[in-house]
Amino acid sequence: QVQLVESGGGLVQAGGSLRLSCVASGLTFSSYSMGWFRQAPGKEREFVAAITWSGSTTDYLDSVKGRFTISRDNAENTVYLQMNSLKPEDTALYYCAADKRSDYTTLSSGYDYWGQGTQVTVSS
């Protein structure tokens with residue numbers, strides 16, 4: 001049974017930082033590309049960041065480039081999202097997702113497994 005468990009969310013003031021973690025089990029983690037998505041109330045789920053299985057390629061939503069960094073530790077079956085200079089518009093439920101293809105996608109429909117999400121709230 002595949003499980004993705006996110007953690008690290010919370011309440012932070014604008015300009016602050018958070019580090020999200022997602023621990024995967026039940027799959028060969030090093031074979032999967034991983035992504036982070038977010039969904040704010042009343043809005044559609046949107047792509048935030050992705051990383052290929054090797055970590056050699058990453059991609060970001062334009063509005064988070066230079067502030068967020070995605071990374072992974074295949075030995076620990078974990079993907080991270082370091083979020084700096086947070087803004088109130090970053091407030092959302094953040095999900096990690098796993099894609100069994102070797103390349104990554106920015107489309108949520110391309111991911112095979114999803115976590116339950118971790119809430120990030122940024123106050124102004």
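For the structure, check the block above.
It should be emphasised that the depicted structure is a prediction, and the values quoted were computed from it without experimental measurement.

Rules behind the numbers
- Residues numbered from 1 in each chain as written.
- Predicted model: local features only at pLDDT ≥ 70, side-chain atom pairs only at ≥ 80, totals over all residues.
- Heavy atoms only, no water.
- Helix = DSSP H or I, 4+ residues; strand = E, 2+ residues; numbered from the N terminus.
- Buried < 20%, exposed > 50% of the residue type's maximum accessible area, 1.4 Å probe, protein only.
- Contact = heavy atoms within 4.5 Å.
- Areas by Shrake-Rupley, 256 points an atom, 1.4 Å probe, with all protein chains shown as cover.
- Lys, Arg positive; Asp, Glu negative; His and termini not counted.
- Charge placed at Lys NZ, Arg CZ, Asp CG, Glu CD.
- Disulfide = S-S within 2.5 Å.
- Core = buried A, V, L, I, M, F, W, Y, C linked by side-chain atoms within 4.5 Å.
- Salt bridge = Lys/Arg side-chain N within 4 Å of Asp/Glu carboxyl O.
- Pairing = 2+ DSSP bridges.

Colleague: Which residues make up the overall build of the chain, and what are the values?
Modeller: A tally of regular secondary structure across the chain gives zero helices and eleven strands. Its helices and strands in sequence order give the chain the pattern β-β-β-β-β-β-β-β-β-β-β, from N to C terminus. Taken over 124 residues, the chain has a buried fraction of 42%. Counting contacts in the chain only where the partners sit at least 6 residues apart, residues at least 24 apart contribute 59% of the total. Split by element, the accessible area of the chain, about 6200 Å² in all, is 44% carbon and sulfur. Side chains of the chain carry 10 positive and 12 negative charges; the gap between the two charge centres is 2 Å.

Colleague: Provide a residue-level description of the state of the cysteines, including the pertinent values.
Modeller: This model, assessed by the stated rule, comprises one disulfide. Residue pairing for cysteine 22: its cysteine sulfur links by disulfide to cysteine 96, the two sulfurs lying 1.9 Å apart. In this pair, cysteine 22 is assigned in strand S3 (residues 18-25) and cysteine 96 in strand S9 (residues 92-99), connecting sequence segments 74 residues apart. One exposure class covers both cysteine 22 and cysteine 96, and it is buried.

Colleague: So, the nonpolar core: which residues are in play, and what are the values?
Modeller: One finds Met34, Trp36, Leu81, Met83 and Tyr94 to be the most contacted residues of the largest nonpolar core, which totals 29 residues. Sorting the residues of this core by element identifies S3, strand S4 (33-39), strand S5 (46-51), strand S7 (68-73), strand S8 (78-83), S9 and strand S11 (118-123) as the ones contributing at least two each. Setting aside anything within four residues of it in sequence, one finds tyrosine 94 in contact with Glu6, Leu20, Trp36, Phe37, Arg38, Val48, Phe68, Leu81, Met83, Gly117, Thr118 and Val120. In this structure, Phe37, Phe47, Ala97 and Tyr111 belong to the second largest nonpolar core, which totals five residues.

Colleague: Describe in detail the pattern of salt bridges, supporting the description with residues and values.
Modeller: Inspection of every chain in the model, using the stated rule, returns five salt bridges. One salt bridge in this structure joins glutamate 46 and arginine 38, with 2.6 Å as the shortest N-O distance. Exposure remark for glutamate 46: the relative accessible area of 30% places this residue in the partly exposed category. For aspartate 99, the salt bridge is made with arginine 101, and the minimal N-O distance between the two is 3.2 Å. Residue classification places aspartate 99 among the buried positions, given a relative accessible area of 0%. A relative accessible area of 43% means that arginine 101 is categorised as partly exposed.

Colleague: I'd like a rundown of the pairing of S7, residues and numbers included.
Modeller: Burial of S7 is one-sided: the residues Phe68, Ile70 and Arg72 facing one way are buried, the residues Thr69, Ser71 and Asp73 facing the other way are not. Relative to S8, S7 runs antiparallel, the two sharing six bridges. Bridge pairing links phenylalanine 68 to methionine 83 in S8. What sits between S7 and S8 in their antiparallel hairpin is a turn of four residues, with asparagine 77 showing a positive phi close to 55 degrees.

Colleague: Give a detailed account of unusual backbone geometry, specifying residues and quantitative values.
Modeller: A positive phi angle, close to 55 degrees, is found at asparagine 77, a residue other than glycine. Residue placement: asparagine 77 occurs in the loop between S7 and S8. Look at asparagine 77 and you get partly exposed, because its relative accessible area is 25%. Of note, the phi angle at serine 85 is positive, near 50 degrees, even though the residue is not glycine.

None of the figures reported here should be taken as evidence of function without further support.
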